[in-house]
Amino acid sequence: MDYFLQILILINIYIIIAISLNLIAGYLGILSIAHAGFYGIGAYVTALMSIHMNFSFFVNLPFAILVACFVGIIIALPSLRIHHDFFVIATFGFQVILFSIFNNWIALTNGPLGISGIDKIQIFGLVIDSSFEYLIFTLIFTVIIYFIAKRIVESPFGRVIKAIREDELFTQSLGKNITKYKIIVFLIGGSFAAIAGTLYAHYFTFIDPSSFTILESIFMISIVVIGGAGRISGSILGAILLVIIPELLRFLGMPTSVAANLRQIIYGALLVLFMMFRPQGLIGEYSFK
Amino acid sequence: MKKHFFSSFIVIVLLFGCQQTTEKKIKIGSIQQLSVQMAKYGKTHVAAVRAMLDLINEERKSKSLPQIELIVDDDQLKPAVGVNIIQKFIDIDGVVAVIGAQGSSVTLAIAPIAEEKEVVLISGASGSPQISDAGDYIFRTCPSDIYEGRTMGEYYEKRFKGEPLAIIYINNDYGIGLRDAFLNALSDRPSKVLDLAYAQGAVDFRNQLTKIKQDNIKVVYLVGYNEMVSIYKQAKELGLTCQWLGNNQLNDQSLIDKMGTTADGTIFPGHDFELDKIKVSYPRFYYRYLKLSNGVELDVFAAYGVDAFIVINYALMQGAQTGTEIKDILYETTSFEGLIGNFSFDENGDALRNLGLYEIKNSKIVKYLVSPDK
Amino acid sequence: MLQFFANGLIAGSVYALIALGFALIYSTVRFFHFAHGAMYTTGAYLAFTFFILCEIPFILSVGIAIFLTALLGMGIGICVYEPMRRRGASSFVLLIASLGLFILLQNLISLIFGDDVKTIRRGAVQEGYHFLDIRITNIQIIIIIASLILFIITTLVLKHTKIGKALRAVANDYELAIAAGINTPKVVNFTYFMGSALAAIAAILISLDLHMTPMMGFNAILYGIIAMIIGGLGNILGAYFGGLFLGLSQHLGVVFISSKWQDAIAFSLLIIFLLFRPQGFFGKRIERAQI
């Protein structure tokens, strides 16, 4: 049973990530390839605080969010000065830089060796030990974040964001401070991703830079794109599909040396086909026009 | 649409689960990298274990013992993938032990799960010192990198006594681990140490080599994988001559063949892995292995993988049925007869092995004879 | 010190070629064609197939490899991108599609050839020529010269041939070019063809000197993009110099900082340029409409 529970926990983590990225890329319309970096920030801050200072999850989480926000501001500020297309490239750059820090600043992050021995979560002295308990714990976060995201996108704030996506100049002419909106969305998105990173770190108790690479960022974009940009439930669908299907393939008994490549080929093909024929994803609302 | 998918997922899994209860087999899981740059070592590992498995299954059949089945999956050298695989192996497949992984970061990630579920995990290639403390159920048949780094460090100290030194190493757990072990083995810090890390996947090493040449350093400790072919090549092209101290990855004649004579003179610690001895002592295994590996020559890590399998089978033959029972037998047994000689496990689950020194002469690996006065 | 400069020049010459090809394509289609990195890898592996596996003479192998890769690039343009562009797909959609193509092609190569390191070089390794206190091999000299020659050829094509001038017109203003009666689809196809050919040549040159893996295209394309932006958007030839600049600064930078930070340095350079000089060295400033 633990295997299934573990997959479900992973699905939850990716739902949170997908929702957070959807806010930035799907609702605000800014494609960001730095999202794995935020995920990693959450994981690393948590891991370091857990190992070095023995803090609990409930202290680690706010700190992780804080650091993610700090980095989020650094990344969002240039977006105001750079043309859209190049901002994507800039986020590429930030992702590479963040990964470089995770991988090379050995004194801080232990580099490629990763950080092991992260504590399990304790609530009022009770350790969350079993996978089932952790699933419930994660589910609570997923549900909370789902409702927050829903409220945001259905509120006046959300309407402005979508307006910015459709026509930034026009929205600005209406007197809206675009800068403020963009930064807020970035911070929210980054924070949620950091929460996901924290949940990941405490469950697997081991993290290393290879989980936070640019390919991971592209994977996250794919979830949003295939599931459906511009609709929260699209992120849920995308996360479920893109986590389950590779695991399903494991049971099909493909000759293992080709399985990994085949999986990626299918995945690349899916991206191309969706962009060619259904850019709004399965149930999305925004087709990146 | 969500519901549809989920229920079909359950159905498929159940179908597979049912299939496996028809014939009573003992299952051993194997987690290796089969698809990334180091895929070759994962594949030879699997081929070697399968070769030995076939022979052992024959023996078991003749004694009316249940057959062993090897389930293999690809971790892509990613810890995040490894943890899914081992969870599936233990939960769904019901393996009695797991052989894996090769990459230390993967082994470290899957160890907590094996430990918690009380399933024995034996690695044939992970050298990170952190694995020694990874748990009671965690073993390895290869020595910790500490020994390899230490052996090389001690040799350097004896022969070069503090001369300026450069260390070129790959920036991952392996490279960093060996570098640390090497430096820690030295009682005096060398007069100068050039620390030159390179990223995984790098192809151009000329800057590092130029730095070495510029500073006139004559002793270089090299830690890498098959990109070493390029390092030696570029060194030669840059006109760099020095004494190369190598790592155990060089203990692979097919790799040395790719280097031509550029690597001649390198001295490295080897694990008493003598291919000719194995060919003579285990001919049936060897030829079966060659068939399964499509002609790729046996390397030392594949041999360690076979040793991992041998000890598991030994424990099973002694009547062990659970992970705990296997674990106990592994610790208690004083000597196992492996493919690379006899060995036993220390209290951390690390194999005690001899490390000898080898040299590359005329593009061939030969034993290095340390003369008494050096 | 001079040796580092030489190393940078060699690397820069290759980046410059990649950037040149990429900029050619970008200038006419205005989106980031990531699959260009896959064209790069394909070029090298095709050359490998013909020369090493089929034992076809070297020049012929290389020539066929370049031609086929150029065809493939053009084919992707015709079958995938252009239909999407005709339907009004935004640059994001095209970018994501090109990412998908890149992943697909790169894994296909990995599947067919395996992930280990391969080389097209034959023969024993030799010490490089000793010259002015640096060592340089004949291949490396060829790289620098070939790169320069291709740059000159590209410049000549752009300035003096009919299709080259048409290309510049399309790059300058797509709608105006159509209005002026230029056969824009033909021009776009030509840029995919020529750009991919340049990528293939760059990859083959690198594989002769170093080695090749299926993943090689990934880094190549990232560096190509950085070079193009540094060189200046809208200036195709500027991309070439962007590549040289990138190679030189990266290699000279490694003198002071450990090379494991190489990628981070390159991208920091990119971000600095994006922030403070988005038009690069030679480009035109794209003004964002402001209120």
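See the structure above.
Below or above, wherever it landed, is the structure these notes cover. (Residues numbered from 1 in each chain as written. Chains lettered and ligands numbered in written order. Predicted model: local features only at pLDDT ≥ 70, side-chain atom pairs only at ≥ 80, totals over all residues. Heavy atoms only, no water.)

**Things to note about the overall build of chain A**
Let me state the cut-off plainly: Going along the chain from the N terminus, every DSSP run of H or I of four or more residues is numbered as a helix, and every run of E of two or more is numbered as a strand. We compute the radius of gyration from the C-alpha atoms alone; for a globule the expected value is 2.2 Å times N to the 0.38, where N is the number of residues. Whether a residue is buried, partly exposed or exposed follows from its accessible area with a 1.4 Å probe, protein chains only, as a fraction of its type maximum: under 20%, in between, or over 50%, in that order. Working rule for contacts: check all heavy atoms of both residues, and any pair within 4.5 Å makes them a contact. Each accessible area value is a Shrake-Rupley result obtained with a 1.4 Å probe; residue values ignore everything except the protein chains displayed when judging cover. In this tally, Asp and Glu contribute negative charge and Lys and Arg positive charge; neither His nor the terminal groups of the chain are included. One atom stands in for each charge, and that atom is NZ of Lys, CZ of Arg, CG of Asp or CD of Glu.
Scanning chain A for helices and strands turns up 12 helices and four strands. Relative to its length of 289 residues, chain A is compact, with a C-alpha radius of gyration of 19 Å against a globular reference of 19 Å. Buried residues in chain A amount to 65% of all 289 residues. If you take every contact in chain A between residues at least 6 apart in sequence, the share linking residues at least 24 apart comes to 79%. Of the accessible surface of chain A, which amounts to about 10,000 Å², a share of 70% is contributed by carbon and sulfur atoms. Across chain A, the centroid of the 15 positively charged side chains sits 10 Å from that of the 13 negatively charged ones.

**Quick notes on the interface of chain C and chain B**
Defined as follows: Throughout, the accessible surface (probe 1.4 Å) given up by two parts as they are put together, summed over both, is called the buried area. What counts as a salt bridge is simple: a side-chain nitrogen of Lys or Arg found within 4 Å of a carboxyl oxygen of Asp or Glu. We call two N or O atoms a polar contact when they sit within 3.5 Å, provided that within protein one can donate a hydrogen and the other can accept it, with sequence-adjacent residues counted only if both atoms are side-chain atoms. Ten residue types, Ala, Val, Leu, Ile, Met, Phe, Trp, Tyr, Cys and Pro, are classed as nonpolar, four, Asp, Glu, Lys and Arg, as charged, and the remainder, Gly among them, as polar.
On the chain B side, the residues contacting the 26 residues of chain C number 28 residues. At the boundary of chain C with chain B, total buried surface from both sides reaches about 2,400 Å², with 51% on carbon and sulfur atoms. On the surface where chain C and chain B come into contact, there are two salt bridges. Salt-bridge contacts for R206 of chain B lead to D209 of chain C; the nearest nitrogen and oxygen are separated by 3.0 Å. If you look at where chain C meets chain B, you find seven residue pairs in polar contact (both at pLDDT 80 or more). Of all the elements, helix α1 (residues 2-29) of chain C adds the most residues to the side of chain C that touches chain B, at four residues. Here the side of chain C that touches chain B is composed, by residue class, of nine nonpolar, 10 polar and seven charged.

**Structural notes on the side chain of N12 of chain A**
Along the chain, N12 of chain A falls in helix α1 (residues 2-27). Among residues more than four places away in sequence, those in contact with N12 of chain A are L135, T138, L139 and T142 of chain A.

**What about the sheet that holds strand β2 (residues 68-74) of chain B?**
Within a sheet, adjacent strands bond to each other through the backbone by hydrogen bonds, running parallel or antiparallel. Residue and element names in this part refer to chain B. Heads up, the condition is: Following DSSP output, two strands are said to pair if at least two bridges run between them. Between N-to-C directions, angles cover 0 to 180 degrees, with each direction set by a line fitted to C-alpha atoms, over the stretch in contact for helices.
Pairing in this open sheet of five strands is parallel, and the strands run β2-β1-β3-β4-β5 from one edge to the other. Each edge of the open sheet is held by one strand with a lone partner, namely β2 and β5 (138-140). When strand polarity is set aside, the average angle formed by the axes of neighbouring strands in this sheet is 25°. Bridge count between strand β1 (residues 26-32) and β2: seven bridges; the pairing is parallel. Each bridged residue has a counterpart across the sheet, and for K27 the counterpart in β2 is E69.

**Let's talk about the packing of helix α2 (residues 35-53) of chain A against helix α3 (residues 57-79) of chain A**
Residue and element names in this part refer to chain A. Keep this limit in mind: Working definition: roughly parallel below 35 degrees, roughly antiparallel above 145 degrees, roughly perpendicular at 65 to 115 degrees, and oblique for all remaining angles. A clockwise turn of the near helix away from the far one marks a right-handed crossing, whereas an anticlockwise turn of less than a right angle marks a left-handed crossing.
Contact geometry of α2 with α3 gives a least axis separation of 9 Å together with a crossing angle of 140°. As summarised for this structure, α2 and α3 are arranged oblique, according to the angle between their axes. Where α2 crosses over α3, the handedness of that crossing is right-handed. Counting all contacts with α2, which are made through F38, I41, G42, V45, T46, M49 and S50, the residues of α3 involved are V59, N60, F63, A64, V67, A68, V71, G72 and I75. Taken together, the residues of the contact of α2 with α3 sort by class into 11 nonpolar, five polar and no charged.

**Let's talk about the environment of E247 of chain A**
Structurally, E247 of chain A is set in helix α11 (residues 232-251). Overall, E247 of chain A belongs to the buried group, its relative accessible area being 4%. For the pair formed by E247 of chain A and A260 of chain A, sequence separation is 13 residues and the distance between their alpha carbons is 11 Å. Ignoring anything within four residues of it in the chain, the contact list for E247 of chain A reads Y3 and I7 of chain A together with N84 of chain B. Among the polar contacts made by the side chain of E247 of chain A, one reaches the side chain of N84 of chain B at a distance of 3.0 Å.

**Considering the interface of chain A and chain C**
The interface is formed by 50 residues belonging to chain A together with 46 residues belonging to chain C. At the boundary of chain A with chain C, total buried surface from both sides reaches about 4,300 Å², with 76% on carbon and sulfur atoms. A per-residue breakdown of the area chain A buries against chain C is headed by F86, I89 and M276 of chain A, which together make up 15% of the total. Taken together, the connections running from chain A to chain C amount to zero salt bridges. Where chain A touches chain C, the interface holds four residue pairs in polar contact (both at pLDDT 80 or more). Looking at the side of chain A that touches chain C, the elements with two or more residues in it are α3, α4 (84-104), α8 (168-173), α10 (214-227) and α12 (256-277) of chain A. For the side of chain A that touches chain C, the class distribution of residues is 32 nonpolar, 13 polar and five charged.

**Points about the pattern of salt bridges**
Two side chains of opposite charge can pair, provided their charged atoms sit close to one another. Considering all chains together, one arrives at 25 salt bridges over all chains under this definition. Taking the shortest distance from any N to any O, the salt bridge between E154 of chain A and K150 of chain A comes out at 3.6 Å. Of this pair, E154 of chain A and K150 of chain A both sit in helix α6 (residues 131-154), four residues apart, which is roughly one turn of the helix. Put simply, K117 of chain B and D91 of chain B hold a salt bridge, and the shortest N to O gap is 3.4 Å. Here D91 of chain B lies in helix α3 (residues 79-93) and K117 of chain B lies in helix α4 (residues 104-117), a separation of 26 residues in the sequence. For K117 of chain B, a relative accessible area of 25% translates into the label partly exposed. Take D91 of chain B: its relative accessible area is 25%, and that puts it in the partly exposed class. A network of salt bridges, in which partner residues are shared, links D204, R206, K233 and E237 of chain B together with D209 of chain C.

**A few points about α1 of chain C**
Residues and elements named next belong to chain C. Rules: Residue count minus one, scaled by 1.5 Å, sets the expected span of a helix.
The end-to-end C-alpha separation of α1 is 40 Å, in line with the 40 Å expected for 28 residues at 1.5 Å each. Counting buried positions along α1 gives 25 out of 28 residues, so the element sits mostly inside the fold. Where α1 ends, the next residue or the one after it, R30, has phi of about 60°, a positive value.

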